[in-house]
Amino acid sequence: MFDMEYPWWEFVARGAIVYLVLLVMVRVSGRRTVGQFTPFDLLVVMLLSESVSNALTGGDQSIGGGLIVAAVLVALNMLMAFLSSHSEKMSKVLDGSSVLLGRDGVLYEKVIKKCRLSDEEVQESMRECDCRLGEMEFMFLEADGRITVQKKRPS
């Protein structure tokens, strides 16, 4: 229970490697993985956690090994948050940036498809802000996966 099968530094290395690889995978997979979970997205996240659990501990069932890995994951998360908040360049790499989906009542269909958004998601965002297409000044896919719509200002 308390005896670790591996040296402490191996848990640190395993935690860091898995964290960084998953961070890259999530960033490459797109904004919706982070933001708006569909049931399929949630399933992928749950399966990802299960698939890497053994890679984190190498089969070690000790309390110490699990706590070391947990501490490494929390520390890396804090480090990424610190880097993101103190460097605009790192913020763009880690968090991403918004994408313009439409302007002045015109939706950019190629951009919407490239971002893997459905027509229903776009229409839902329009309904949420009580905005018709002709009233839309800007529509953005935010870095966190939300779709925001800005209405035209009355002249």
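Residues numbered from 1 in each chain as written. Predicted model: local features only at pLDDT ≥ 70, side-chain atom pairs only at ≥ 80, totals over all residues. Heavy atoms only, no water.

A. Structural view of the UniProt feature "domain: YetF C-terminal" (unreviewed entry) in the protein chain. UniProt tags residues 86-152 as "domain: YetF C-terminal" (unreviewed entry). Taken end to end, residues 86-152 has its terminal C-alpha atoms 34 Å apart, with 37% of it in helix and 27% in strand. (UniProt positions renumbered as here; feature names shortened; annotations may be inferred. Helix = DSSP H or I, 4+ residues; strand = E, 2+ residues; numbered from the N terminus.)

B. Quick peek at helix H1 (residues 8-29). The end-to-end C-alpha separation of H1 is 32 Å, in line with the 32 Å expected for 22 residues at 1.5 Å each. Buried within H1 we find Phe11, Gly15, Val18, Tyr19 and Leu22. Buried residues along H1 cover an arc of 105 degrees about the axis, so they all sit on one side. The outward face of H1, more than 90 degrees from its buried face, is lined by the exposed residues Trp9, Ile17, Val24 and Val28. (Expected span 1.5 Å × (residues − 1). Buried < 20%, exposed > 50% of the residue type's maximum accessible area, 1.4 Å probe, protein only. Arc of directions from axis to C-beta.)

C. Just the nonpolar core, in detail. Counting 14 residues, the largest nonpolar core has Leu101, Leu117, Met136, Met139 and Leu141 as the members making the most contacts within it. Elements that contribute at least two residues to this core include exactly strand E1 (99-103), helix H7 (119-128), strand E3 (136-141) and strand E4 (147-151). The element contributing the most residues to this core is E3, with 3 residues. Apart from residues no more than four positions distant in its own chain, methionine 139 is found in contact with Val99, Leu100, Leu101, Gly102, Leu107, Val122, Ser125, Met126, Ile147, Thr148 and Val149. (Core = buried A, V, L, I, M, F, W, Y, C linked by side-chain atoms within 4.5 Å. Contact = heavy atoms within 4.5 Å.)

D. The arrangement of the packing of helix H4 (residues 63-86) against helix H5 (residues 88-95) in detail. The N-to-C vectors of H4 and H5 enclose an angle of 125 degrees; their axes lie 5 Å apart at closest approach. Comparing the axis directions of H4 and H5 gives the class oblique. Only Glu88, Met90, Ser91, Leu94 and Asp95 of H5 make contact with H4, whose side of the interface consists of Met80, Leu83, Ser84 and His86. When the residues that make up the contact of H4 with H5 are grouped by side-chain class, the tally is 4 nonpolar, 3 polar and 2 charged. (Axes fitted to C-alpha atoms, helices over the stretch in contact; angles between N-to-C directions. Parallel < 35°, antiparallel > 145°, perpendicular 65-115°, else oblique. Nonpolar A, V, L, I, M, F, W, Y, C, P; charged D, E, K, R; others polar.)

E. Local environment of the UniProt feature "transmembrane region" (unreviewed entry) in the protein chain. UniProt feature "transmembrane region" (unreviewed entry): in the numbering of this structure it lies at residues 6-28 and 63-83. Within residues 63-83, the helical portion is 100% and the strand portion 0%, while the C-alpha atoms at the span's ends are 30 Å from each other.

F. Representation of the packing of aromatic side chains within the structure. This model, assessed by the stated rule, comprises 2 aromatic pairs. The interplanar angle of 70 degrees and the centroid separation of 6.2 Å between the aromatic rings of tyrosine 6 and phenylalanine 11 together place this pair among those described as edge-to-face. Accessibility expressed as a relative area gives 25% for tyrosine 6, which makes it partly exposed. Over the face of the ring belonging to tyrosine 6 we find arginine 14, whose NZ or CZ atom lies 5.7 Å from the ring centre. (Phe/Tyr/Trp six-rings, centres within 6.5 Å; stacked < 30°, edge-to-face > 60°. Lys NZ or Arg CZ within 6 Å of the ring centre and 35° of its normal.)

G. Seen up close, the side chain of serine 84. Note that serine 84 resides in helix H4. By relative accessible area, which is 13% here, serine 84 ends up buried. Those residues in contact with serine 84 that lie beyond four places of it in its chain are Met90, Ser91, Leu94 and Asp95.

H. Here's a closer look at the packing of H1 against H4. Running from N to C, H1 and H4 point in directions that differ by 45 degrees, and their axes come no closer than 9 Å. In this view, H1 runs oblique relative to H4, as classed from their interaxial angle. Considering the relative orientation of H1 and H4, their crossing is right-handed. Note on element contacts: H4 touches H1 through Gly65, Ile68, Val69, Val72, Leu73, Leu76, Asn77 and Met80, opposite Trp8, Phe11, Val12, Gly15, Ala16, Tyr19, Leu20 and Leu23. When its residues are assigned to classes, the contact of H1 with H4 shows 13 nonpolar, 3 polar and no charged. (Left-handed = near helix turned anticlockwise from the far one by under 90°.)

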